Amino acid sequence: MMLYLRHQTVDGPHISRAEARAHGSAVAHALLQKLLLELKLPSALKKAPSGKPMLAYCDTVDFNLSHTEGLAVCALLQSENAPRVGVDAELLTNFDAERISAFSTRFFAPYEQKRLAAAHDPAACFTRIFTRKEAYAKYCGNGLGEHLSATDTLAPDFESTHGVRFHAYRHENVFIMLCVPENVTVKPTTTLCEDTATW
């Protein structure tokens, strides 16, 4: 069993947000292709019934990509036992206190709201919670959907009842969250720094 988390800074001026998103996506896909080449794995992709991209000729590997302003990431899990992985990267939010409060009231579940209310740095806490929710949703294969507020990723028994574990990393002002099955006890091979800060 092997778990990889690769990252690459995303540089360059962009005319529009759409252009920046396209560039970030291209960098994340390049990270994936480079990693597949290193591991001598087939690089052809197909879409699962849910629409999630997957390797066409290898059912012992799952991968997930994410990008945000300044950084792209690629997570890959190689395992004989139905591998699944979700990753999200988010730049530290620039929401003001009022917008953080409005968003969290609408979309965060009770334990998440409680953690945010007690945070000494609300912007960082908000970003951590959001990446955690998104990584879990991507792990499930459906992305953020209608049940955003019903998924309380900070509930005391969330990881055990959902069979997952989270790994948190940070690169400058970008927060990265990785979600893997609870039976994946290895830490990812990565040069990213673990996010050990208190919420």
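Quick note: structure is the one above.
To start, this report covers the structure provided alongside it. From a predicted model like this one, the values you see are computed outputs, not experimental measurements. (Residues numbered from 1 in each chain as written. Predicted model: local features only at pLDDT ≥ 70, side-chain atom pairs only at ≥ 80, totals over all residues. Heavy atoms only, no water.)

**Some remarks on the overall build of the protein chain**
Per the secondary structure count, the protein chain includes five helices and nine strands. Helices (α) and strands (β) of the protein chain occur, in sequence order from the N terminus, as β-α-β-β-β-β-β-α-α-α-α-β-β-β. Over its C-alpha atoms the protein chain spans a radius of gyration of 17 Å, differing by no more than 12% from the 16 Å that the globule rule assigns to 199 residues. By its C-alpha atoms, the protein chain is 50 × 45 × 30 Å across when sized along the principal axes. Classification of the 199 residues of the protein chain by burial places 44% in the buried group. Sequence separation of 24 or more characterises 56% of the internal contacts of the protein chain that already satisfy a separation of 6 or more. For the protein chain, the computed accessible surface area is about 10600 Å², with 52% contributed by carbon and sulfur atoms. Across the protein chain, 20 positive and 22 negative side-chain charges occur, with their mean positions spaced 2 Å apart. (Helix = DSSP H or I, 4+ residues; strand = E, 2+ residues; numbered from the N terminus. Rg over C-alpha atoms; globule rule 2.2 N^0.38 Å. Buried < 20%, exposed > 50% of the residue type's maximum accessible area, 1.4 Å probe, protein only. Contact = heavy atoms within 4.5 Å. Areas by Shrake-Rupley, 256 points an atom, 1.4 Å probe, with all protein chains shown as cover. Lys, Arg positive; Asp, Glu negative; His and termini not counted. Charge placed at Lys NZ, Arg CZ, Asp CG, Glu CD.)

**Quick look at the pairing of strand β7 (residues 164-171)**
Note: β7 against strand β8 (residues 174-181), eight bridges, orientation antiparallel. Across the sheet, A168 pairs through a bridge with M177, a residue of β8. Hairpin geometry of β7 and β8 is characterised by an intervening segment of two residues between the two adjacent antiparallel strands and by a positive phi of about 55° at E172. One ladder, built from two bridges, connects β7 with strand β9 (residues 193-194); its direction is antiparallel. Residue pairing across strands places Y169 opposite E194, the latter belonging to β9. (Pairing = 2+ DSSP bridges.)

**Comments concerning unusual backbone geometry**
A positive phi angle is found at K40, which is not glycine, with a value near 55°. Topologically, K40 is positioned in the loop between α1 (17-38) and β2 (45-47). Despite not being glycine, E172 has its phi angle at roughly 55°, a positive value. Assignment of secondary structure puts E172 in the loop between β7 and β8.

**Points about the pattern of salt bridges**
Per the counting criterion, the structure on display carries six salt bridges. R6 is the salt-bridge partner of E38, the closest N and O atoms lying 3.1 Å from each other. Note that E38 is positioned in helix α1 and R6 in strand β1 (residues 2-9), a separation of 32 residues in sequence. A relative accessible area of 39% places E38 in the partly exposed class. Linking E159 and R132 is a salt bridge whose minimum nitrogen-to-oxygen distance equals 3.3 Å. With a gap of 27 residues between them, E159 in helix α5 (residues 158-162) and R132 in helix α4 (residues 122-140) connect regions that are remote in the sequence. Note on R132: relative accessible area 10%, which makes it buried. (Salt bridge = Lys/Arg side-chain N within 4 Å of Asp/Glu carboxyl O.)

**Things to note about the packing of helix α2 (residues 97-107) against α4**
One can describe the packing of α2 onto α4 by two numbers: an axis separation of 11 Å at closest approach and a directional angle of 30°. Taken together, the axis directions place α2 and α4 in an arrangement best described as roughly parallel. Note on packing geometry: the crossing formed by α2 with α4 is left-handed. Touching I100, F103 and F107 of α2 are P122, A123, F126, F130 and K133, all from α4. (Axes fitted to C-alpha atoms, helices over the stretch in contact; angles between N-to-C directions. Parallel < 35°, antiparallel > 145°, perpendicular 65-115°, else oblique. Left-handed = near helix turned anticlockwise from the far one by under 90°.)

Interpretation in functional terms is not warranted from these geometric data alone.
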